[in-house]
Amino acid sequence: MLEIGLTGGIGSGKSTVAALLVARGAVLLDADAIVRDLQQPLRPVFVAMVERWGDSIVAADGTLDRQAVADLVFDDDEELQALNAIVHPAVGDEMTRRRGELAATDATVLLDIPLLVESGHEGLGGVVVVDVDPEVAVRRLVEHRGYAEEDARLRISRQASRCGGSAAGWSGARAEAREAVTPPWVRCARGGTCRR
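Residue positions are given per chain, counting from 1 as you read along its sequence in written order. Where local features are concerned, this predicted model is filtered to residues with pLDDT of at least 70; where side-chain atom pairs are given and counted, the filter is 80 or more; whole-chain, interface and lining totals use all residues. Water and hydrogen atoms play no part in the side-chain values, which are based on all heavy atoms of the structure.

Caption draft 1: Structural view of the pattern of salt bridges. The rule for a salt bridge is simple: a side-chain nitrogen of Lys or Arg has to be within 4 Å of a carboxyl oxygen of Asp or Glu. Across all of its chains, the model carries 10 salt bridges by this definition. We note a salt bridge from D37 to R98, for which the minimum N-O separation is 3.9 Å. You can see D37 sitting in helix α2 (residues 31–38) and its partner R98 sitting in helix α5 (residues 77–102), a full 61 residues away along the chain. Between E79 and R52 there is a salt bridge; the shortest N-O distance is 3.0 Å. Here the residue E79 occupies a position in helix α5, and R52 occupies one in helix α3 (residues 44–53), the gap between them amounting to 27 residues. Type-normalised accessible area, obtained with a 1.4 Å probe on protein chains alone, sets the label of each residue: buried when under 20%, exposed when over 50%, and partly exposed for intermediate values. Exposure remark for E79: the relative accessible area of 17% places this residue in the buried category. Through salt bridges with shared partners, a single network forms among D37, R43, E94, R97, R98 and E101. Per the convention used, a helix needs a DSSP run of H or I reaching at least four residues, while a strand needs a run of E reaching at least two, with both numbered from the N terminus.

So this is what it looks like as structure tokens:
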């Protein structure tokens, strides 16, 4: 198994890069998707969150109201730490379990993990950083996700600084992205720019 880390800020196009790399043969382990799975009603993470914040974070259909959670924790470091204490250990355990299932295979596994670089994951075959000009990210968040411009800029400013690795970035169309993305494990195998 070859493991490649994938990281990038909000609005960078990381999900597009992930989809293109999966189309070229990678197996994706997406931490955000695992979070959503673990936060399904009646699962332990969901129950712990409701115990902490009450029914105000439960939508009318009984699922987690993610915007309500974001509103509670975004500007409150203590509440954010409480959320992380509930979610991160469960995600780490599930990620470890899924990686273990693939360990004996010859798969190229793409680990899409927020704060990948900052959290110090060791032993990866490489790290791909999806980068984009912050103004492009702001535009994407406003046009495609409905953020207010001020909120988009605030969220981008609070993320980790742009960092090294094998970079993929573009300003617009998916076709441009497709041309920009060469599978990073190819560059790693050639002794290219993937970071060990």
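Caption draft 2: Region of the structure containing the packing of helix α4 (residues 66–73) against α5. Interaxial angle, 0 to 180 degrees, is taken between N-to-C directions of lines fitted to C-alpha atoms, where a helix line uses only the stretch in contact. α5 packs onto α4 with a crossing angle of 130° between their chain directions and a minimal axis gap of 7 Å. The angle between the axes of α4 and α5 places the two elements in the oblique class. Contact with α4, carried on its side by V69, L72 and V73, involves E79, L80 and L83 of α5 and no other residues of that element. Reported orientations rely on four angle classes, namely roughly parallel under 35 degrees, roughly antiparallel over 145, roughly perpendicular from 65 to 115, and oblique for the rest. We call two residues in contact when some of their heavy atoms are within 4.5 Å.

Caption draft 3: Spotlight on the packing of α3 against α5. Viewed as axis vectors pointing N to C, α3 and α5 meet at an angle of 165°, and their least axial separation amounts to 10 Å. If you check the angle between α3 and α5, you find them roughly antiparallel. Crossing hand, α3 versus α5: right-handed. Contacts from V45, A48, M49, R52 and W53 of α3 reach α5 at E79, A82, L83, I86, V87 and A90. The sense of a crossing depends on the near helix, which, turned anticlockwise from the far helix by less than a right angle, makes the crossing left-handed and, turned clockwise, makes it right-handed.

Caption draft 4: Highlighting the pairing of strand β4 (residues 126–130). Counting buried positions over the five residues of β4 gives five, a clear majority of the element. Side chains of β4 alternate between two faces, with G126, V128 and V130 and V127 and V129 buried alike.

Caption draft 5: Representation of the side chain of E79 in the model. A polar contact is formed between the side chain of E79 and the side chain of W53, at a distance of 2.7 Å. What E79 contacts, discounting residues up to four positions off in sequence, is R52, W53, L72 and V73. Any pair of nitrogen or oxygen atoms within 3.5 Å is treated as a polar contact; in protein, a donor-acceptor pairing is required on top of that, and neighbouring residues in sequence qualify only through side-chain atoms on both sides.

Caption draft 6: Structural context of the confidence of the model for the protein chain. Per-residue confidence from the prediction method is given by pLDDT, with values spanning 0 to 100. Mean pLDDT over the protein chain works out to 80, with 77% of the residues at or above the 70 mark. Across residues 169–173, where pLDDT falls below 50, the model places 16 contacts with residues more than four positions away in sequence or in other chains. Low pLDDT, under 50, characterises residues 186–196; the stretch is placed with 24 contacts to residues that sit more than four places away or in other chains.

Caption draft 7: Broad picture of α5. Taking 1.5 Å of rise per residue, the 26 residues of α5 would be expected to cover 38 Å, and the 36 Å separating its terminal C-alpha atoms lies within 8% of that figure. In α5, a bend of some 30° at N84 exceeds every other bend along the element. For α5, every residue scored as buried is listed here: E79, A82, L83, I86, V87, V91, E94, M95 and L102. A helix is expected to reach a length of 1.5 Å times the quantity of its residues less one. The reported bend at a residue is simply the angle between two axes, fitted to the 7 residues ending at it and to the 7 residues beginning with it.

Caption draft 8: Spotlight on the environment of L42. Relative to the elements of secondary structure, L42 occurs in the loop between α2 and α3. Look at L42 and you get exposed, because its relative accessible area is 76%. Between the C-alpha atoms of L42 and G62, which are 20 residues apart in sequence, the distance is 9.6 Å.

Caption draft 9: Examining the nonpolar core more closely. Ranked by internal contacts, the top residues of the largest apolar core, which has 29 residues, are M49, W53, I57 and V87. Secondary-structure elements contributing two or more residues to this core are α2, α3, α4, α5, β3 (108–112) and β4. For V87, the residues in contact, after removing those within four places along its chain, are V35, Q39, V45 and M49. For the purposes of this section, nonpolar cores are sets of buried Ala, Val, Leu, Ile, Met, Phe, Trp, Tyr and Cys residues that join through side-chain atoms within 4.5 Å. Among the nonpolar cores identified, the runner-up in size contains nine residues, and L6, V17, A18 and L21 belong to it.

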